Amino acid sequence: MYRPFLEHLETSLKERFELQPRAIPEGLECQLSERGRNPASIQSWCYQSPELRKIRYTYIDGGKGAQIFNGVLYPNHCYDVPLLGIDFLSFGKVKNLIVLDFQPLFQDEAYEAKYLMPLKELRDNYAELAQGLEMKFYDANQYFSKYLLFAKTDTETVSTRVLAAFKDYLDLYWRILADAEPLTTDVEVARVKQAQIDYDQYSAERDPAHGLFTSYFGSEWADRFLYEFLFEDAVPLAVQAH
Ligand SMILES: C=CC1=C(C)/C(=C/c2[nH]c(/C=C3N=C(/C=C4\NC(=O)C(C)=C4C=C)C(C)=C\3CCC(=O)O)c(CCC(=O)O)c2C)NC1=O
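Keep in mind that this is a model prediction, so the values were computed, not measured. (Residues numbered from 1 in each chain as written. Predicted model: local features only at pLDDT ≥ 70, side-chain atom pairs only at ≥ 80, totals over all residues. Heavy atoms only, no water.)

1. Focus on the pattern of salt bridges
The full count for this structure, using the stated rule, is eleven salt bridges. One salt bridge in this structure joins R53 and D233, with 3.6 Å as the shortest N-O distance. Of the two residues, R53 is situated in strand β4 (residues 52–61) and D233 in the loop between α6 (219–230) and α7 (237–240); the sequence distance between them amounts to 180 residues. When its relative accessible area of 15% is taken as the criterion, R53 is described as buried. (Salt bridge = Lys/Arg side-chain N within 4 Å of Asp/Glu carboxyl O. Helix = DSSP H or I, 4+ residues; strand = E, 2+ residues; numbered from the N terminus. Buried < 20%, exposed > 50% of the residue type's maximum accessible area, 1.4 Å probe, protein only.)

2. Some words on the side chain of S33
Take S33: it is sitting in strand β2 (residues 30–33). When its relative accessible area of 2% is taken as the criterion, S33 is described as buried. Here Y216 takes part through its backbone oxygen, which lies 2.8 Å from a polar atom of the side chain of S33. Leaving out residues up to four positions away in the same chain, S33 has contacts with P39, A40, Y216 and F217. (Polar contact = N/O pair within 3.5 Å; in protein donor to acceptor, adjacent residues only side chain to side chain. Contact = heavy atoms within 4.5 Å.)

3. A closer look at helix α5 (residues 210–217)
Here α5 has its buried residues at L212, F213, Y216 and F217. Seen end-on, α5 carries its buried residues on one side only, within an arc spanning 100°. Directly beyond the C-terminal end of α5, a positive phi value near 90° is found at G218. (Arc of directions from axis to C-beta.)

4. Some remarks on the packing of helix α1 (residues 3–16) against helix α3 (residues 155–179)
Running from N to C, α1 and α3 point in directions that differ by 20°, and their axes come no closer than 11 Å. Here α1 lies roughly parallel to α3, going by the angle between them. Crossing geometry of α1 relative to α3 is assigned as right-handed. Where α1 abuts α3, its residues P4, F5, H8, L9, S12, L13 and R16 lie against V158, V162, L163, F166, K167, L170, D171 and W174. Classifying every residue of the contact of α1 with α3 by side-chain character gives ten nonpolar, two polar and three charged. (Axes fitted to C-alpha atoms, helices over the stretch in contact; angles between N-to-C directions. Parallel < 35°, antiparallel > 145°, perpendicular 65-115°, else oblique. Left-handed = near helix turned anticlockwise from the far one by under 90°. Nonpolar A, V, L, I, M, F, W, Y, C, P; charged D, E, K, R; others polar.)

5. What about α1?
An α-helix turns once every 3.6 residues. As a result, residues three or four positions apart point the same way. Its 14 residues give α1 an end-to-end C-alpha distance of 20 Å, which sits within 8% of 20 Å, the value for a rise of 1.5 Å per residue. Residues of α1 that are buried in the fold lie against β3 (40–48), β4, β5 (67–75), β6 (83–91) and α3. (Expected span 1.5 Å × (residues − 1).)

6. Thoughts on the site of the ligand
Among the 25 residues in the neighbourhood of the ligand, the closest are listed as N70, D87, K136, F137 and D207. With respect to the ligand, the side chain of D87 contributes an N or O atom lying 2.6 Å from a nitrogen atom. At a separation of 2.7 Å, an oxygen atom of the ligand approaches a polar backbone atom of K136. Isolated, the ligand exposes 860 Å² of accessible area, and the fraction of that covered by the protein chains is 93%. (Near = heavy atom within 4 Å. Areas by Shrake-Rupley, 256 points an atom, 1.4 Å probe, with all protein chains shown as cover.)

See the structure below:
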């Protein structure tokens, strides 16, 4: 269901960037599950380029029961550009959840004016996909912009409007990244680095997918996937306490 999204992302990345493969820890790149009602597979891709220090995306194919496409693009620490966050989920025909955002590293007005305002026009073009749903797991005021697409929608809309929105959001993201001026001081770069680390910690602690990974692939694999791949700069809480 989201394969055209994955293919579009991959093609446009390869057109624009000098991609180098970025290692995925052993055993986490792909996995098959026979536990659920339907067999499921999970596969991930990871790259880096001079502009983007980590490009990761994952596809879960659980047949009719679950189709998920998730990804995050992390700019190099010398750019304070937002992260690109993608989370598209379908559980059967009845539930399709779409989340797409330029995930801000900082919440001040200057940052918003610089990096998020350009999104407003796009969001307005896809107003039916910006449903302002309530967040149960995450905090809408942290690492989300006002202009995120966040919708529950039908399969037809996914293959038409959501795909069009995805292409437009990506095009704008590439433009913002291309126009970004690298930070010049160590202090500024360190601040971006810390904000990206904080994003990983925040995301690992709240990620609603842990249960899903556990049910398909077991809790040991789920923990490793979260802390060694998805949010590798996060420290597991149990370890942190020592
Ligand atoms: C492979 C990794 C991965 C998967 C499969 C994943 C799945 C995932 N994301 C969810 C919600 C969600 N996901 C997001 C947003 C994001 N989530 C993101 O990972 C990113 C990058 C964004 C930003 C665009 C939001 C806002 C919700 C709704 C959660 C809420 O209500 O607080 C849910 C709950 C769906 C439900 O309501 O039943 C799951 C299972 N999250 C993951 O990290």
